[in-house]
Amino acid sequence: MTEVAAEPEAAEPEATAPTATEQPAAAPAATEPAVAAPPQTPRAPQERADRWRPSLVAAFWTWLAGLLMYCLVTAVSWLPFGTPPALDKAYESWHRWDTTWYVIIADVGYEFDKRAAAFFPLYPMIVRGVDQVLPRGAFEAALVVSVTSCYAALVMMHRLASAILGTDAARRTIFYLLAFPTGFYLAAAYNESLFIALAAGSLYLMRRGQWWLAGVLGGFASATRLAGVLLVLAFGYEYLRQRRFSPRGIRLDALAITLVPVGLLLYAGYCWRTFGDPLFFRDMQENWFRSGYQAPWTTLGEVIRMVVSTHPVLGPTSIRNIVNLTTAVAVLALLLVALDREWGLGVEYAYLVIFAAGVILLPLINPIDTDYPLSSMWRFALECVPVWLVLAKFGRNGPFDRAYTMGALGLQGVMILTFVQNQFVA
């Protein structure tokens, strides 16, 4: 299976430093008086609109199909239990797990329950702002924010994939992302979709050399999830790569990298002022049994031993561990594949792999001290941007495309049913 990565569009030249051999072309000798060219209307706004239109349209139809499926599955989720909910209350079955903490923060802030400090502030801040405008309450506002952010995430992922692989693969990229068994979290009242929209947007702008905007989005991402600060690594690598790793190519715009950790630093400052400890958010992770750090291979070994020693082997505990372990290993393998130009994206897109590797290694380095050390791993996999591009490239193979679609959507339906019945999923 071979597919050559698409060259960047002419309207989107990659920002690179000129080489020493590049010289401006000599102007032709004037042989007759120059004639003033007629004034032309700037085409930049129209070109930008034309560039973004395919992403806006493709993301819209994928987003709409996903929302309709979520509504349908929610509507029939009562069938195994025989007690149908009131139609206007059915959406409340999505008020589950972490959603409770985001709603508490949006309603009354962090001081009501100090454990809430484990959840970063940007998402509940936006929810609070939306709640001031819309009727109902913070939970409904959270759903609106998440559903809107889901669309933004699909647009940015499509835009990034289009610039790298072309429009056909870009459509598969966003479909595979939303169809993944935990893809419904992009529409749930979680911060997943907001984070992916900001991270993918920042990565896209890095590729285009728009460093200050990339830094701003990165700052917002680090105020959404701790993993957002990992965009510093991607930023630094890509900036140097575009300058052929030459210190002489570094310019003032390199300072834009300092914007990425601003969100994290501001939250640390808030924790310092409010709770007397700038790392209070990390300490509160102990309430979710994240209390220590270890080598990632140690974590993988522990999970394997748990799977082997747990009886029954196909019981709920083993199944969860098998799924999360498989996800971690599969993501790491796909990130390696991403560095290969024939099967993946090529080493020129290593900055995407650097970011995603950090995302997936965080829970491996800081596992949960319970029966599920890698809990939520297949939700965190959603944030590993290049994984979806690699899978989209695989999707040129028809059997793979059909197998992934049927398997992922079937599992997602089961996961939604489990989630709305208030059972732990990821």
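Residues numbered from 1 in each chain as written. Predicted model: local features only at pLDDT ≥ 70, side-chain atom pairs only at ≥ 80, totals over all residues. Heavy atoms only, no water.

1. Comments concerning the overall build of the protein
And step 1. From N to C terminus, the protein includes 16 helices and zero strands.
And step 2. Here the protein holds 426 residues, and 50% of them are scored as buried.
And step 3. Taking as baseline every contact in the protein between residues at least 6 positions apart, the subset at least 24 positions apart corresponds to 75%.
And step 4. Within the structure as shown, the protein displays about 20600 Å² of accessible surface, and the carbon and sulfur contribution to it stands at 67%. (Helix = DSSP H or I, 4+ residues; strand = E, 2+ residues; numbered from the N terminus. Buried < 20%, exposed > 50% of the residue type's maximum accessible area, 1.4 Å probe, protein only. Contact = heavy atoms within 4.5 Å. Areas by Shrake-Rupley, 256 points an atom, 1.4 Å probe, with all protein chains shown as cover.)

2. Some words on helix 8 (residues 231–242)
Because an α-helix packs 3.6 residues into every turn, residues spaced three or four apart end up facing the same way.
And step 1. In a regular helix each residue adds 1.5 Å, so 12 residues correspond to 16 Å; helix 8 covers 16 Å between its end C-alpha atoms and thus fits that length.
And step 2. Buried within helix 8 we find Leu 231, Ala 234, Phe 235, Gly 236, Glu 238, Tyr 239, Arg 241 and Gln 242.
And step 3. Next to the buried residues of helix 8 lie helix 6 (192–207), helix 7 (211–222) and helix 13 (350–365).
And step 4. Of the residues trailing helix 8, Arg 244 is marked for its positive phi of about 55°. (Expected span 1.5 Å × (residues − 1).)

3. Observations regarding the packing of helix 6 against helix 7
Two measures define how a pair of helices packs: the angle their axes make with one another and the distance between the axes.
And step 1. Two numbers describe how helix 6 lies on helix 7: the axes approach to 8 Å, and their chain directions differ by 160°. Taken together, the axes of helix 6 and helix 7 are roughly antiparallel relative to one another. Between helix 6 and helix 7 the crossing geometry is left-handed. Listed contacts from helix 7 to Phe 195, Leu 198, Ala 199, Gly 201, Ser 202, Leu 205 and Met 206 of helix 6 are Trp 211, Leu 213, Ala 214, Leu 217, Gly 218, Phe 220 and Ala 221.
And step 2. The class makeup of the residues in the contact of helix 6 with helix 7 is 11 nonpolar, three polar and no charged. (Axes fitted to C-alpha atoms, helices over the stretch in contact; angles between N-to-C directions. Parallel < 35°, antiparallel > 145°, perpendicular 65-115°, else oblique. Left-handed = near helix turned anticlockwise from the far one by under 90°. Nonpolar A, V, L, I, M, F, W, Y, C, P; charged D, E, K, R; others polar.)

4. Here's the deal with the packing of aromatic side chains
And step 1. Applying the stated criterion to the full structure yields 39 aromatic pairs.
And step 2. Between Phe 120 and Phe 281, the aromatic rings sit 5.3 Å apart at their centres with planes inclined by 75°, giving edge-to-face as the arrangement. Note that Phe 120 is positioned in the loop between helix 2 (98–108) and helix 3 (122–131) and Phe 281 in helix 10 (residues 280–283), a separation of 161 residues in sequence. The exposure classification of Phe 120 matches that of Phe 281, with both residues buried. (Phe/Tyr/Trp six-rings, centres within 6.5 Å; stacked < 30°, edge-to-face > 60°.)

5. A look at the side chain of Ser 77
And step 1. Looking at where Ser 77 falls in the secondary structure, it is placed in the loop between helix 1 (44–76) and helix 2.
And step 2. For Ser 77, a relative accessible area of 5% gives the class buried.
And step 3. Among the polar contacts made by the side chain of Ser 77, one reaches the main-chain carbonyl oxygen of Thr 74 at a distance of 2.7 Å.
And step 4. Other than its neighbours up to four places away in sequence, Ser 77 contacts Leu 417, Val 420 and Gln 421. (Polar contact = N/O pair within 3.5 Å; in protein donor to acceptor, adjacent residues only side chain to side chain.)

6. A closer look at the pattern of salt bridges
And step 1. Enumeration according to the criterion identifies 13 salt bridges in this entry.
And step 2. Notably, a salt bridge pairs Asp 113 with Arg 115, separated by 2.8 Å at the nearest N-O pair.
And step 3. For Asp 113, a relative accessible area of 18% translates into the label buried.
And step 4. Where Glu 192 meets Arg 379, a salt bridge forms, and the shortest distance between an N and an O atom there is 3.0 Å. One end of the pair, Glu 192, is in helix 6; the other, Arg 379, is in helix 14 (residues 377–380), with 187 residues separating them in the sequence.
And step 5. By relative accessible area, which is 0% here, Glu 192 ends up buried.
And step 6. On the accessibility criterion, Arg 379 (7% relative accessible area) is buried.
And step 7. If you follow the salt bridges from partner to partner, you end up with Asp 98, Glu 192, Arg 225, Arg 379 and Glu 383 in one network. (Salt bridge = Lys/Arg side-chain N within 4 Å of Asp/Glu carboxyl O.)

7. Brief notes about the packing of helix 1 against helix 5 (residues 167–179)
And step 1. It is the contact of helix 1 with helix 5, at a shortest axis distance of 10 Å, that shows an interaxial angle of 20°. Judged on the interaxial angle alone, helix 5 and helix 1 are roughly parallel. Classified by chirality, the crossing of helix 5 by helix 1 is right-handed. In this structure, helix 1 contributes Ala 58, Ala 59, Thr 62, Trp 63, Gly 66 and Tyr 70 to the contact, and helix 5 contributes Arg 171, Ile 174, Phe 175 and Leu 178.
And step 2. When the residues that make up the contact of helix 1 with helix 5 are grouped by side-chain class, the tally is seven nonpolar, two polar and one charged.

8. With respect to a nonpolar patch on the surface
And step 1. A grouping of Leu 56, Val 57, Phe 60 and Trp 61 is seen on the molecular surface, where their side chains present a nonpolar patch of about 380 Å² in accessible area.
And step 2. Examined against the element boundaries, Phe 60 turns out to sit in helix 1. (Patch = residues over 30% accessible without salt bridge, like charges linked within 9 Å, V, L, I, M, F, W, Y side chains within 5 Å.)

9. Quick word on the confidence of the model for the protein
And step 1. Per-residue pLDDT for the protein averages 88, and the proportion of residues at 70 or more is 89%.
And step 2. In this model, residues 1–42 is a region of pLDDT below 50 whose contacts with residues beyond four sequence positions or in other chains number 48 contacts. (pLDDT = per-residue confidence, 0-100.)

10. Overview of the environment of Arg 51
And step 1. Here Arg 51 shows up in helix 1.
And step 2. Look at Arg 51 and you get buried, because its relative accessible area is 12%.
And step 3. Remark: the alpha-carbon pair of Arg 51 and Ser 162, spanning 111 residues in sequence, is separated by 9.8 Å.

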